[in-house]
Amino acid sequence: MNASRIALVTGANQGLGRALAEGLAARMDSDDLVLLTGRSHQRVSDAAREVAQLPGTRSQVQAQVLDVTDTDDIARLADELRARHGGVDVVLSNAVTRLLPEESQAERADEFIDVSNTATHAILRSFGPVLRPGGRLIVVASSLGTLGHLDPRLHHLFDGASLDQVEYAVESWRSAIHNRTAEEAGWPRWLNVPSKVAQVAAVRAVAAEHRERDLADGTLIASVCPGMVDTATSRPWFSDFSQAQSPSEAARAVLDLVFTELVDPALYGELIRFGKALPWHDGTPPVEQDRLLRP
């Protein structure tokens, strides 16, 4: 990647996003810039100040207010960074909505989908074109993002789909939730499953369009599964955290992808967990996951 690199992290106020920002700031150089983004000016400003003051920080660190649910806001920031810096070198899309098992999935659907999916589509559309050669555009997803976690009736909506088709499928899912027809159509009750599949499908769609060019200049577009991370978002869902990582531990494998010199063609466009691609068609329909939800 070029000198004076620009890196951006969404959802950087806490948890994994904060750890990713800290890791970037520690591994990048003094003339590089790490932008921490979030919706709250106070929280993102506090986070940026704290990261800048860490003993291991080497790069410049700045706060950037960004509402990932506002697609125009995302597009404006991408245009500003192109005009001001000529583009960006690293984009880590990590924004999430905290959801509790006892909450109504249907009532929280719009917020969850807007933050996890609409935002992912907008980031791919707006930041893909301003990513410098040799850059990294990585969407944080999970192992639930493989196609096999969905009912086979839904596979055709995402398998080999374009970004427009993925977006249409997500909006169809949203409508089915509101119309109370989602379960009969095969959609899981747990929002996290189709959301993650759609995130990975969106990344695959964009990567398929740019694969030849990106591999030629060392650019990586991919999604990642960081593994189980012990955060306030994941705590309510699982009882056994004996194998869970801290956010800092989970950030390491993601950051290794960012700073790897050569892009492995086998990883380009894929869902990557600890340096290996997860097969797109693997997975089991999430009957057990639905049982996590309380009536």
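Enquirer: Looking at this structure, I do not really get the overall build of the chain. What am I missing?
Expert: In terms of helices and strands, the chain carries eight helices and eight strands. Taken against the 2.2 N^0.38 rule, which gives 19 Å for 295 residues, the C-alpha radius of gyration of the chain at 18 Å falls within 12% of a compact globule. When the backbone C-alpha atoms are referred to their principal axes, the chain occupies close to 55 × 40 × 35 Å. For the chain, buried positions account for 54% of its 295 residues. When contacts within the chain are restricted to residue pairs at least 6 apart in sequence, those whose partners lie at least 24 apart make up 78%. For the chain, the accessible area works out to roughly 13200 Å², and carbon and sulfur atoms hold 48% of it. Averaging the locations of the 29 positively and 40 negatively charged side chains of the chain gives two centres separated by 3 Å.

Enquirer: Help me out: how do you make sense of helix α3 (residues 71-85) in this one?
Expert: Two residues of an α-helix separated by three or four positions point the same way, owing to the 3.6 residues in each turn. The terminal C-alpha atoms of α3, which comprises 15 residues, lie 21 Å apart, in line with the 21 Å expected from a rise of 1.5 Å per residue. In this structure, the buried residues of α3 make contact with β1 (6-9), β2 (33-38), β3 (60-65), β4 (88-93) and α4 (105-127). One side-chain oxygen of the residue at the start of α3 lies 3.0 Å from the amide nitrogen of Asp 72, identifying that residue as Asp 70. Among the residues trailing α3, Gly 86 stands out with phi positive, at a value near 85°.

Enquirer: Explanation requested: the pairing of β3 in the structure shown.
Expert: Every regular strand shows the same layout, with side chains that alternate between the two sheet faces. Examined bridge by bridge, β2 and β3 share six bridges and lie parallel to one another. Across the sheet, residue Thr 37 finds its bridge partner in β3, namely Gln 64. A crossover connection joins β2 to the parallel β3 through helix α2 (residues 41-52); in handedness this β-α-β unit is right-handed.

Enquirer: So what exactly am I meant to see when it comes to the sheet that holds β3 here?
Expert: Strands belonging to one sheet form pairs held by backbone hydrogen bonds; the direction of such a pair is parallel or antiparallel. The strand order β3-β2-β1-β4-β5-β6-β7-β8 describes an open sheet built from eight strands, whose pairing is mixed. Across the chains shown, the open sheet's two edge strands, defined by having one partner strand only, are β3 and β8 (276-278). The average undirected angle you get between the axes of adjacent strands in this sheet is 25°. Note that strand β5 (residues 131-140) and strand β6 (residues 220-225) share five bridges and pair parallel. By the bridge assignment, Ile 138 is partnered in β6 with Ala 222. Set on the sheet, helix α1 (residues 15-27) makes contact with β1, β2, β3, β4 and β5; between it and β1 the angle comes to about 165°. Against the sheet, α2 contacts β2 and β3, and its axis sits at roughly 175° relative to β3.

Enquirer: Hey, could you run me through the packing of α1 against α2 in this one?
Expert: Look at α1 against α2: their axes get within 10 Å of each other, and the N-to-C directions meet at 40°. The two elements α1 and α2 cross, and the hand of that crossing is right-handed. Across from Arg 18, Ala 21, Glu 22 and Ala 25 in α1, the residues of α2 making contact are Ala 47, Glu 50 and Val 51. Residues that form the contact of α1 with α2 fall into these classes: four nonpolar, no polar and three charged.

Enquirer: Can you walk me through unusual backbone geometry in this structure?
Expert: Residue Arg 180 is not a glycine yet carries a positive backbone phi of 60°. Within the element layout of this structure, Arg 180 appears in the loop between α5 (163-178) and α6 (192-217). You will see that Phe 274, though not glycine, has its phi angle at about 50°, which is positive. Note that Phe 274 resides in the loop between β7 (271-273) and β8. Judged by its relative accessible area of 51%, Phe 274 is exposed.

Enquirer: I tried to follow the pattern of salt bridges on my own but got confused; where do I start?
Expert: When their charged atoms lie close together, side chains carrying opposite charge are able to pair. Scanning the model with the defined rule gives 19 salt bridges in all. When the shortest N-O distance is used, the salt bridge between Glu 50 and Arg 18 registers 2.7 Å. Here Glu 50, found in helix α2, pairs with Arg 18, found in helix α1; they are 32 residues apart in sequence, far enough to count as distant. Classification of Arg 18 by relative accessible area gives buried; the value is 17%. Three or more residues are tied together by salt bridges with common partners; here these are Arg 5, Asp 29, Asp 32 and Arg 58.

Rules behind the numbers
Residues numbered from 1 in each chain as written. Predicted model: local features only at pLDDT ≥ 70, side-chain atom pairs only at ≥ 80, totals over all residues. Heavy atoms only, no water. Helix = DSSP H or I, 4+ residues; strand = E, 2+ residues; numbered from the N terminus. Rg over C-alpha atoms; globule rule 2.2 N^0.38 Å. Buried < 20%, exposed > 50% of the residue type's maximum accessible area, 1.4 Å probe, protein only. Contact = heavy atoms within 4.5 Å. Areas by Shrake-Rupley, 256 points an atom, 1.4 Å probe, with all protein chains shown as cover. Lys, Arg positive; Asp, Glu negative; His and termini not counted. Charge placed at Lys NZ, Arg CZ, Asp CG, Glu CD. Expected span 1.5 Å × (residues − 1). Polar contact = N/O pair within 3.5 Å; in protein donor to acceptor, adjacent residues only side chain to side chain. Pairing = 2+ DSSP bridges. Right-handed = clockwise from strand over helix to strand, strands pointing away. Axes fitted to C-alpha atoms, helices over the stretch in contact; angles between N-to-C directions. Left-handed = near helix turned anticlockwise from the far one by under 90°. Nonpolar A, V, L, I, M, F, W, Y, C, P; charged D, E, K, R; others polar. Salt bridge = Lys/Arg side-chain N within 4 Å of Asp/Glu carboxyl O.

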